[in-house]
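# Results of the structural survey
Read off the chains here:
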Amino acid sequence: AQSVTQPDIHITVSEGASLELRCNYSYGATPYLFWYVQSPGQGLQLLLKYFSGDTLVQGIKGFEAEFKRSQSSFNLRKPSVHWSDAAEYFCAVGAANFNKFYFGSGTKLNVKP
Amino acid sequence: DGGITQSPKYLFRKEGQNVTLSCEQNLNHDAMYWYRQDPGQGLRLIYYSQIVNDFQKGDIAEGYSVSREKKESFPLTVTSAQKNPTAFYLCASSMLASEAKNIQYFGAGTRLSVL
């Protein structure tokens, strides 16, 4: 069965520090992978996606993620966090041959001044 | 502006009442989805529709109903059979077919509370 695990429920980092949010997936075929960000009371905004090709993908707001097939992971990174990055982040997996997506339970990011 | 519009932003339900959440998209997307979001549980799929006049149950469809009479619209009814409806509801849409377009776009959500 398909599933997505985000092992960290809450993460706190200092402004200017680097960030890595973990995501592990379980999927039988080649996955399509996504990271979304959600501000309080808002919908989800797509940060980046991986479909194929280069395993390091760049997204908006200075985020990047690396697909590692051997580890079934798609971790999100940012070299220097800004206070405006405080939000909840969701990893998701989908497939091309059907339109069902599976989301992780989210990681809430707090940024200390 | 193209996008997904959910209304209302806040909704209150009385005991035994059915309420309907609206979702409209002008992205010309074929597929539409409804998710329920509870704190600490991420997004759970309620219903999805890949084409007009067709829809499938998701993981938590009990107590909910949908219709897809128009491509642009996918309303969700929370029936009185849903005993714990308080949650944040998100509507999404995506193109079908090619991988370049297989991305879900989300509305701003509706927060439903029970009076």
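Right, let's walk through the structure included here. Since this is a predicted model, take the numbers as computed values, not measurements.

### So, the overall build of chain B
Along chain B, the regular secondary structure elements total zero helices and 11 strands. A compact globule built from 115 residues would reach a C-alpha radius of gyration of about 13 Å, and chain B, at 14 Å, matches this within 12%. Taking the principal axes of its C-alpha atoms as reference, chain B extends roughly 45 × 25 × 25 Å. Pairs at least 24 apart in sequence give 53% of the contacts found in chain B among residues at least 6 apart. When the accessible surface of chain B is summed, it comes to about 5500 Å², and 49% of that surface belongs to carbon and sulfur atoms. For chain B, the distance from the average position of its 12 positive side-chain charges to the average position of its 11 negative side-chain charges is 6 Å.

### Brief notes about the sheet that holds strand 1 (residues 4-7) of chain B
Residue and element names in this part refer to chain B. Read from one edge of the open sheet, four strands run 1-3-8-7, paired in antiparallel fashion. Looking along the sheet, the strands with just one partner apiece sit at the ends: strand 1 and strand 7 (64-66). Each strand of the sheet is rotated relative to its neighbour by a mean of 20°, with strand direction disregarded.

### Some details on the pairing of strand 4 (residues 31-38) of chain B
All names here are of chain B. With respect to burial, strand 4 is a largely interior element, eight of its eight residues being buried. The alternating pattern of strand 4 places Ala31, Tyr33, Tyr35 and Gln37 on one face and Met32, Trp34, Arg36 and Asp38 on the opposite face, and all of these are buried. Where strand 4 lies against strand 9 (residues 87-94), seven bridges are found, and the strand directions are antiparallel. Paired with Trp34 across the two strands is Cys91, which belongs to strand 9. In this structure, strand 4 lies alongside strand 5 (residues 42-51), joined through seven bridges in antiparallel fashion. Bridge pairing in strand 5 places Trp34 opposite Tyr47. As consecutive antiparallel partners, strand 4 and strand 5 are separated by three residues, and within that stretch Gly40 has a phi angle of approximately 75°, a positive value.

### With respect to the pattern of salt bridges
Residue and element names in this part refer to chain A. Counted under the stated rule, the structure contains seven salt bridges over all chains. Between Arg77 and Glu64 there is a salt bridge, and its shortest N-O distance comes to 3.3 Å. Of this pair, Arg77 sits in strand 9 (residues 73-78) while Glu64 sits in strand 8 (residues 64-68); the two residues are 13 residues apart in sequence, bridging distant segments of the chain. For Arg77, a relative accessible area of 23% gives the class partly exposed. Look at Glu64 and you get buried, because its relative accessible area is 19%.

### Quick look at the state of the cysteines
Here, disulfide denotes a covalent bond that connects the sulfur atoms of two cysteines. Evaluation of the coordinates by the stated rule reveals two disulfides over all chains. Each disulfide pairs two cysteine sulfurs, and for Cys23 of chain A the partner residue is Cys91 of chain A, the sulfurs being separated by 2.0 Å. The sign of the S-S torsion, about -65°, decides the handedness of the disulfide formed by Cys23 of chain A and Cys91 of chain A: left-handed. Remark: Cys91 of chain A occurs in strand 10 (residues 87-95) and Cys23 of chain A occurs in the loop between strand 3 (19-21) and strand 4 (24-26); sequence separation between them is 68 residues. Given the relative accessible area of 0%, Cys23 of chain A is considered buried. With its sulfur 1.9 Å from that of its partner, Cys23 of chain B forms a disulfide with Cys91 of chain B. Taking the sign of the S-S torsion, about -75° here, the bridge from Cys23 of chain B to Cys91 of chain B comes out left-handed. With Cys23 of chain B in strand 3 (residues 19-25) and Cys91 of chain B in strand 9, this pair connects stretches of sequence that are 68 residues apart. A single burial state applies to Cys23 of chain B and to Cys91 of chain B, both of which are buried.

Rules used throughout
- Residues numbered from 1 in each chain as written.
- Chains lettered and ligands numbered in written order.
- Predicted model: local features only at pLDDT ≥ 70, side-chain atom pairs only at ≥ 80, totals over all residues.
- Heavy atoms only, no water.
- Helix = DSSP H or I, 4+ residues; strand = E, 2+ residues; numbered from the N terminus.
- Rg over C-alpha atoms; globule rule 2.2 N^0.38 Å.
- Contact = heavy atoms within 4.5 Å.
- Areas by Shrake-Rupley, 256 points an atom, 1.4 Å probe, with all protein chains shown as cover.
- Lys, Arg positive; Asp, Glu negative; His and termini not counted.
- Charge placed at Lys NZ, Arg CZ, Asp CG, Glu CD.
- Pairing = 2+ DSSP bridges.
- Axes fitted to C-alpha atoms, helices over the stretch in contact; angles between N-to-C directions.
- Buried < 20%, exposed > 50% of the residue type's maximum accessible area, 1.4 Å probe, protein only.
- Salt bridge = Lys/Arg side-chain N within 4 Å of Asp/Glu carboxyl O.
- Disulfide = S-S within 2.5 Å.

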